[in-house]
There are 2 protein chains.
Amino acid sequence: MKISVVKNVLDANDRIAMDNRTLFDTNKTYVINLMSSPGAGKTTLVEKTIEALKDKYVISVIEGDIQDTCDADRVAKLGIPVVQINTGGACHIDGNMVREALPAFNLEKTDLLVVENVGNLVCPAEFKVGENVKVMILSTPEGADKPAKYPLMFQESSVMIINKMDLIPYVDFDMKRAKRDALVSNKDLKIFEVSCKTSSGLSDWFQWLEDQIESFRKSSP
Amino acid sequence: MKISVVKNVLDANDRIAMDNRTLFDTNKTYVINLMSSPGAGKTTLVEKTIEALKDKYVISVIEGDIQDTCDADRVAKLGIPVVQINTGGACHIDGNMVREALPAFNLEKTDLLVVENVGNLVCPAEFKVGENVKVMILSTPEGADKPAKYPLMFQESSVMIINKMDLIPYVDFDMKRAKRDALVSNKDLKIFEVSCKTSSGLSDWFQWLEDQIESFRKSSP
């Protein structure tokens, strides 16, 4: 008996994520999948990024939460199109949830779509949504041991934003260890040190993001 | 055609958790399932609790982490029997993982077993391990919106420990909102305000835990 082996078949989520990706490419929409622990500062970073770039780019947001609309309410106040995905208990956003949200946007006119994932340092790292880039936030009160303890998150992300730098004097955060261990998981990880409260360091993040959007626009369709 | 309906069948995890529970009851071992976001202070609370109660009770610890042994190393330094469960990517500890760890302990002589779950505010709340009580930690830098955003965790837990009270002057934490929303999920939630760094408030937690252990010992077998 010969056993037929089917290799490299996309799983259901990867299939849908790839379809999303095609749609984003067609419309030249740059997509960020933003992940972190609960309370690391995802929504505040989204607010600050919108304020900094909204005169230059058309921005839309997908908010992923288990059940509420707190974060979507905050973004809507800035006059930005936002869709709330309530996962109803699920610990991450997947490709199909994002697909269901897309008809609410005018993608052709959207330059930047931010998908704010459910607060969780484990599960969201496993599911693509069709993003250009995965960005994760590590906040200083969480501790410098997190890159060693949750390696997949750091391996999958292209960017680590170290947030709450304003709390450095009051927490024990070994910056050298955090960076070293994160780079072990992903030697190409781009790192920013910021405080979304005082805005320190954010201009570097805005500039990097702008460069990414511009370079994506110039790429072949 | 009559359709037969089988009701209230335990799922696989509940079945194993119940078997664990029977074992703990037989040995009079009081078991805590300790949960929180990454970096909220689970291991530090475990260390402080061991230091406070180890002369009175025989304590053992199960550490749940995706891959490392950082936390188990910290506990082992205190001379306490500890088993590390590496979940290999799984975002929570389940009943079977705990069952596999139990042969390493002398349960008959163990008064208190602390199961420190994987850092995650979503998934661990769904899986019983056979515990007497689920205890969750909310740290002030995470923000007061967490009880509204992750209701299952607060609903399932009997105790909420609000940790990092020493950071209150430096973070925006609306204590009234956090407590109100947590009590909406669970009106019987027992709440402690502590700082594992300064030890403030910890004596109330130790006393509560001691009362629980004593009352469990006196209960029928």
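1. Description of the overall build of chain A
Okay, step 1: In terms of regular secondary structure, chain A is built from 8 helices and 7 strands.
Okay, step 2: The C-alpha atoms of chain A give a radius of gyration of 18 Å, which matches the 17 Å a tight globule of 221 residues would have.
Okay, step 3: Taken over the C-alpha atoms alone, chain A extends approximately 65 × 50 × 40 Å along its principal axes.
Okay, step 4: Taking all 221 residues of chain A together, 56% fall into the buried category.
Okay, step 5: Here the contacts in chain A between residues at least 6 apart in sequence split such that 72% fall between residues at least 24 apart.
Okay, step 6: About 9800 Å² of surface is accessible on chain A, with carbon and sulfur atoms providing 51% of the total.
Okay, step 7: Considering chain A, the positive charge centre built from 27 side chains and the negative charge centre built from 32 side chains are found 4 Å apart.

2. Looking at unusual backbone geometry
Residues and elements named next belong to chain A.
Okay, step 1: Despite not being glycine, Lys-28 shows a phi value in the positive range, around 55°.
Okay, step 2: Take Lys-28: it is sitting in the loop between helix 1 (12-27) and strand 1 (30-36).
Okay, step 3: With a phi angle near 65°, Lys-164 is a residue other than glycine that sits in the positive phi range.
Okay, step 4: When you line up the elements, Lys-164 lands in the loop between strand 6 (159-163) and helix 7 (175-185).

3. A short note on the nonpolar core
Okay, step 1: Among the nonpolar cores identified, the biggest contains 46 residues, and A:Met160, A:Phe173, B:Met160 and B:Phe173 are the most heavily contacted of them.
Okay, step 2: Sorting the residues of this core by element identifies strand 5 (133-139), helix 6 (151-156), strand 6 and helix 7 of chain A together with strand 5 (133-139), helix 6 (151-156), strand 6 (159-163) and helix 7 (175-185) of chain B as the ones contributing at least two each.
Okay, step 3: Setting aside residues up to four positions removed in sequence, A:Phe173 forms contacts with A:Leu138, A:Thr140, A:Gly143, A:Ala144, A:Ile162, A:Ile168 and A:Ala178.

4. What to know about the packing of aromatic side chains
All names here are of chain A.
Okay, step 1: Applying the stated criterion across every chain yields a total of 9 aromatic pairs over all chains.
Okay, step 2: Arranged with centres 6.0 Å apart and planes meeting at 75°, the rings of Phe-192 and Trp-205 form a pair that is edge-to-face. Of the two residues, Phe-192 is situated in strand 7 (residues 190-193) and Trp-205 in helix 8 (residues 202-218); the sequence distance between them amounts to 13 residues.
Okay, step 3: Judged by relative accessible area, which is 6%, Phe-192 ranks as buried.
Okay, step 4: Looking at Trp-205, the relative accessible area reads 2%, which means it is buried.
Okay, step 5: One aromatic cluster is present, formed by Phe-192, Trp-205 and Trp-208 through successive ring pairs.
Okay, step 6: Geometry around Phe-216 places Lys-28 over its ring, the cationic atom sitting 5.2 Å from the centre.

5. Quick look at the pairing of strand 7 (residues 190-193) of chain B
Residue and element names in this part refer to chain B.
Okay, step 1: As paired strands, strand 6 and strand 7 are joined by 4 bridges and run parallel to one another. Residue pairing in the sheet places Ile-161 in a bridge with Phe-192 of strand 7.
Okay, step 2: You can see the chain leave strand 6, run along helix 7 and come back into strand 7, and the turn it takes is right-handed.

6. Observations regarding the environment of A:Gln155
All names here are of chain A.
Okay, step 1: Considering the arrangement of structural elements, one finds Gln-155 in helix 6.
Okay, step 2: Sequence separation between Gln-155 and Ser-185 is 30 residues; the distance between their C-alpha atoms is 4.9 Å.
Okay, step 3: In contact with Gln-155, other than residues within four places in its own chain, are Ser-185 and Asn-186.

7. Quick look at the relation of the copies chain B and chain A
Both copies of the chain are related by one operation, a rotation about an axis with a shift along it.
Okay, step 1: Overlay of chain B on chain A (RMSD 0.0 Å): rotation 180°, translation along the axis 0.0 Å. What we have between these two chains is a two-fold relation.
Okay, step 2: Looking at the interface residues of chain B, 100% of them are also at the interface in chain A, so both copies use one shared face.

8. Here's the deal with the layout of surface pockets
Okay, step 1: Reported here for the largest pocket is a volume of approximately 680 Å³.
Okay, step 2: If you trace the largest pocket, you find 37 residues lining it, with A:Thr44, A:Lys164, B:Pro141, B:Glu142 and B:Gly143 closest to the centre.
Okay, step 3: Mapped onto the lining of the largest pocket, the elements with two or more residues apiece are helix 2 (42-53), strand 2 (59-65) and helix 3 (70-76) of chain A together with helix 5 (146-149) of chain B.
Okay, step 4: Along the lines of polarity and charge, the residues of the lining of the largest pocket split into 12 nonpolar, 10 polar and 15 charged.
Okay, step 5: Considered as a void within the structure, the second largest pocket measures approximately 580 Å³ in volume.
Okay, step 6: What lines the second largest pocket is a set of 34 residues, among which A:Pro141, B:Gly39, B:Gly41, B:Thr44 and B:Lys164 lie closest to the centre.

9. Digging into the sheet that holds strand 1 (residues 30-36) of chain B
All names here are of chain B.
Okay, step 1: One open sheet holds the 7 strands; their spatial order is 3-2-4-1-5-6-7, and the pairing between them is parallel. Either end of the sheet is taken by a strand with one partner, and the two such strands are strand 3 (82-86) and strand 7. Each strand of the sheet is rotated relative to its neighbour by a mean of 20°, with strand direction disregarded.
Okay, step 2: Bridge analysis of strand 2 (residues 59-65) against strand 4 (residues 112-116) gives 5 bridges, and the strand direction is parallel. If you follow Ile-59 over to strand 4, its bridge partner there is Leu-112.

10. Looking at the packing of helix 2 (residues 42-53) of chain B against helix 8 (residues 202-218) of chain B
Residue and element names in this part refer to chain B.
Okay, step 1: Two elements in contact, helix 2 and helix 8, have axes separated by 11 Å at closest approach and are oriented at 65°. It follows that helix 2 is roughly perpendicular to helix 8 by the angle criterion. Viewed along their axes, helix 2 and helix 8 form a crossing whose handedness is right-handed. In this structure, helix 2 uses Leu-45, Lys-48, Thr-49, Ala-52 and Leu-53 to contact helix 8, whose residues at the interface are Leu-202, Trp-205, Phe-206, Leu-209 and Glu-210.
Okay, step 2: The class makeup of the residues in the contact of helix 2 with helix 8 is 7 nonpolar, 1 polar and 2 charged.

The rules behind the values
Residues numbered from 1 in each chain as written. Chains lettered and ligands numbered in written order. Predicted model: local features only at pLDDT ≥ 70, side-chain atom pairs only at ≥ 80, totals over all residues. Heavy atoms only, no water. Helix = DSSP H or I, 4+ residues; strand = E, 2+ residues; numbered from the N terminus. Rg over C-alpha atoms; globule rule 2.2 N^0.38 Å. Buried < 20%, exposed > 50% of the residue type's maximum accessible area, 1.4 Å probe, protein only. Contact = heavy atoms within 4.5 Å. Areas by Shrake-Rupley, 256 points an atom, 1.4 Å probe, with all protein chains shown as cover. Lys, Arg positive; Asp, Glu negative; His and termini not counted. Charge placed at Lys NZ, Arg CZ, Asp CG, Glu CD. Core = buried A, V, L, I, M, F, W, Y, C linked by side-chain atoms within 4.5 Å. Phe/Tyr/Trp six-rings, centres within 6.5 Å; stacked < 30°, edge-to-face > 60°. Lys NZ or Arg CZ within 6 Å of the ring centre and 35° of its normal. Pairing = 2+ DSSP bridges. Right-handed = clockwise from strand over helix to strand, strands pointing away. Least-squares fit on C-alpha atoms with pLDDT ≥ 70 in both. 1 Å grid on protein atoms, 1.4 Å probe; cavity = no way out; pocket = protein on both sides within 12 Å on 5 of 7 lines; lining within 4 Å. Points joined across faces, edges and corners; volume = space filled by probe spheres on them. Nonpolar A, V, L, I, M, F, W, Y, C, P; charged D, E, K, R; others polar. Axes fitted to C-alpha atoms, helices over the stretch in contact; angles between N-to-C directions. Parallel < 35°, antiparallel > 145°, perpendicular 65-115°, else oblique. Left-handed = near helix turned anticlockwise from the far one by under 90°.

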